[in-house]
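Residue-level structural notes
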Amino acid sequence: MSFWQSRRIPLASLMLIRQPVRLAVALAGISFAGILMFMQLGFRDGLFDASVTVHRRFDADLVLISPRSTSSVRMAGFPERRLVQSMADADVEGITSVHWSLMLWRNPETRTTRSILGLGFDPEDPFFINPDLPPEAALLSQKGRVLFDERSRPEFGPVAEWFRDGRIVESEISGNRVRVAGLVALGTSFGADGNLLTSSETFLDLMPNKAPGSIELGLIRLKPGADAAAVQARLTKLLPNDVRVLTKQGFIDFEQNYWRSSTSIGFIFTLGAAMGFVVGCVIVYQVLYTDVSDHLPEYATLMAMGYRVVTLVGVVVREGLLLALIGYLPAYLAGQGLYWFVRDATRLPVGMDFTRAFTVFMMILVMCMLSAGLAMRRLVDADPAEIF
Amino acid sequence: MAAAVSIEGLSHWYGRGTNSRQVLQGVDLSIQPGEVVLLTGPSGCGKTTLLTLIGALRKVQQGQVEVLGQSLNGASRGSRQRLRRKIGMIFQGHNLLRCLTAEQNVQMGADLLLDQSYLARRDLAREWLRAVGLGDHLNKLPHDLSGGQKQRVAIARALAAHPRLLLADEPTAALDSTTGREVVDLLKRLAREQDCSVLMVTHDPRILDVADRLVKMEDGRLFSSVG
């Protein structure tokens, strides 16, 4: 049957359009629920994503950590010679040791201190993939020089602004004077409000309690074509159990799993999104239920005229479908705006990605269909025999 | 030609068991194609019940009912729904869809004709509205129409589905005498042109003369008289 043959009066859309107040209430409810879901899921993903911004930058195939390390904020040391031992494997091409610890940074403007994540490495052998370290990285070989993460939270002081203005920015870490030699762009995470890069030598000066010969992270680069999993298995066998061998992805998962399982962050944000879903369901159900109730005599009239119940059910379903489609649009736009605002305010890497946009759309769709399904039970009360 | 409606020994009860109340008692009635029958009687005597039974809106409990050649005894929900497509109904209140314009309301009737295209059905709706004298009010919502105009839209909607039988329950109840007269005359004329039988329940003594036949009902029984 062709389109024009089967076309009917678009009852569902006319019912929505001709009742603008009801439509507005429904759309406001759906948008609100959508925004809530976008916000909660965005925060959740953003926080988990942010927790590994630094991890992702390492140019390594395998990573050594201490089995006592639980996360980026609690990194324990292990003997550096384990990293050297791994060179015994034929597939290992290169190694780099990294010092990793939280330090107290003094804000050069307000003189207050705050915890910052400091990484110490050999400036001759940088370990970041992209973007490459700035030319100032070479200055790190001078003692007391650091590279400051320009995406650090503003509580650390206007370091980046001052540096760009050409001023000499000096501050203090654990009572030792340091000078900012350059800027890098990394980003904040759960554990770290800011990041600092320095040479291993300066790092050990700043943290005199660290045992020499002990490192927190060992990066291993493999020869092209080497099987990372196989080398991981060989190294695990070769090295004593005072180190853990992880692939780079395993290292990222290790960090994310900590925040996922050892904290209630994932649960809380998922619960928040679920709340949005429930609130949306209630609002859409209320609107559709009242709509069906108000039009009950009209539905009964249509049944008396010979329309099938299925047709009337179709009207309610279509109303739900239309509400989902129209309501998603403002929710999506508001979500975009919200993410922009959150990025600006918290410097968390929260952004609209296709998966989340699709997830929220599906949730709104399910929400509206569920509500329509519940509301259409009211149609049972449409008795055409009662309207005479 | 077979009768449009033929009823023998129809009885109907509301409620169950000891609380049940008999509203129809052995009703016999037959309506010929094209005949206009008026049904009068005091309120609560079972007129509306009879109308809903003929209109295939209720299940027949006892007696024989045949409408437009189809027996309604034990008819399923689906077959009653299909039969209703051939029956036009006009209600005491106009029962128009508030969200639809006059034209769209009439097209809801025309949309039951599955063998015609959308545009043909729309033209049909416009034609019917012109036939009831509302050619200038196609795009008005029921809200903006007077009582008489609304009832005329309802007539157009009922006739747009090409019914073989038209059931009307006090179509003039909400109208003043002049308008009521006009509406009934219009109804009769259009039904005649379509060769459509009409069964109209009314209290209104001013319109009794449009009937081919007058039927009186009292306490669930029919008393025929020639009109």
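Keep in mind the model is a prediction, meaning the values are calculated, not measured.

1. Regarding the overall build of chain B
- Along its length, chain B carries 6 helices and 10 strands.
- Relative to a compact globule of 227 residues, whose C-alpha radius of gyration would be 17 Å, chain B shows 17 Å and is just as compact.
- If one aligns the C-alpha atoms of chain B with their principal axes, the spans along those axes are about 50 × 40 × 40 Å.
- Across chain B, the fraction of contacts at a sequence separation of at least 24, relative to all contacts at a separation of at least 6, is 71%.

2. Quick look at the interface of chain A and chain B
- Residue-level contacts link 21 residues of chain A with 26 residues of chain B.
- Elements with a minimum of two residues in the side of chain A that touches chain B: helix H1 (3-6), helix H2 (11-17) and helix H11 (296-305) of chain A.
- If one sorts the elements of the side of chain A that touches chain B by residue count, H11(A) sits on top with 6 residues.
- Residues of the side of chain A that touches chain B, tallied by class, amount to 12 nonpolar, 4 polar and 5 charged.

3. Structural notes on the pairing of strand E5 (residues 145-149) of chain A
Residue and element names in this part refer to chain A.
- With respect to burial, E5 is a largely interior element, 5 of its 5 residues being buried.
- Burial along E5 is two-sided: the residues Arg145, Leu147 and Asp149 and Val146 and Phe148 are all buried.
- With 5 bridges connecting them, E5 and strand E7 (residues 176-184) associate as parallel partners. Counterpart to Arg145 in the pairing with E7 is Arg179.
- The sheet contact formed by E5 and strand E8 (residues 195-199) spans 3 bridges and is antiparallel. Paired with Val146 across the two strands is Thr198, which belongs to E8.

4. Comments concerning the confidence of the model for chain B
- Mean pLDDT over chain B stands at 88; residues scoring 70 or higher make up 98%.
- Scoring of the predicted complex yields 0.77 for pTM and 0.90 for ipTM.

5. Brief notes about the environment of Arg234(A)
Residues and elements named next belong to chain A.
- Relative to the elements of secondary structure, Arg234 occurs in helix H8 (residues 228-238).
- Given 18 C-beta atoms within a 10 Å radius, Arg234 is considered partly exposed.
- For the pair Arg234 and Asp89, spaced 145 residues apart in sequence, the C-alpha to C-alpha distance is 8.0 Å.

6. Considerations on helix H9 (residues 248-261) of chain A
All names here are of chain A.
- If you check H9, its first and last C-alpha atoms are 20 Å apart, about what 14 residues at 1.5 Å a residue would give, namely 20 Å.
- Taken together, the buried positions of H9 are occupied by Phe251, Glu255 and Trp259. The buried residues of H9 occupy one face: seen down the axis, they fall within an arc of 70 degrees. Exposed and facing more than 90 degrees away from the buried side of H9 are Gln249 and Ser261.
- Packing partners of the buried residues in H9 comprise helix H3 (20-50), helix H4 (53-57), strand E1 (62-65), strand E11 (244-247) and helix H10 (265-294).

7. Digging into the environment of Val180(A)
All names here are of chain A.
- For Val180, the position within the fold is in strand E7.
- With 21 C-beta atoms counted inside 10 Å, the residue Val180 sits in the buried group.
- Sequence separation between Val180 and Val146 is 34 residues, and the spatial gap between their C-alpha atoms is 5.0 Å.
- Apart from the residues lying within four places of it in its own chain, the contact partners of Val180 are Val146, Phe148, Val159, Phe163 and Val169.

Cut-off values and rules
Residues numbered from 1 in each chain as written. Chains lettered and ligands numbered in written order. Predicted model: local features only at pLDDT ≥ 70, side-chain atom pairs only at ≥ 80, totals over all residues. Helix = DSSP H or I, 4+ residues; strand = E, 2+ residues; numbered from the N terminus. Rg over C-alpha atoms; globule rule 2.2 N^0.38 Å. Contact = placed C-beta atoms within 7 Å. Nonpolar A, V, L, I, M, F, W, Y, C, P; charged D, E, K, R; others polar. Buried ≥ 20, exposed ≤ 12 C-beta atoms within 10 Å, placed from the backbone. Pairing = 2+ DSSP bridges. pLDDT = per-residue confidence, 0-100. Expected span 1.5 Å × (residues − 1). Arc of directions from axis to C-beta.

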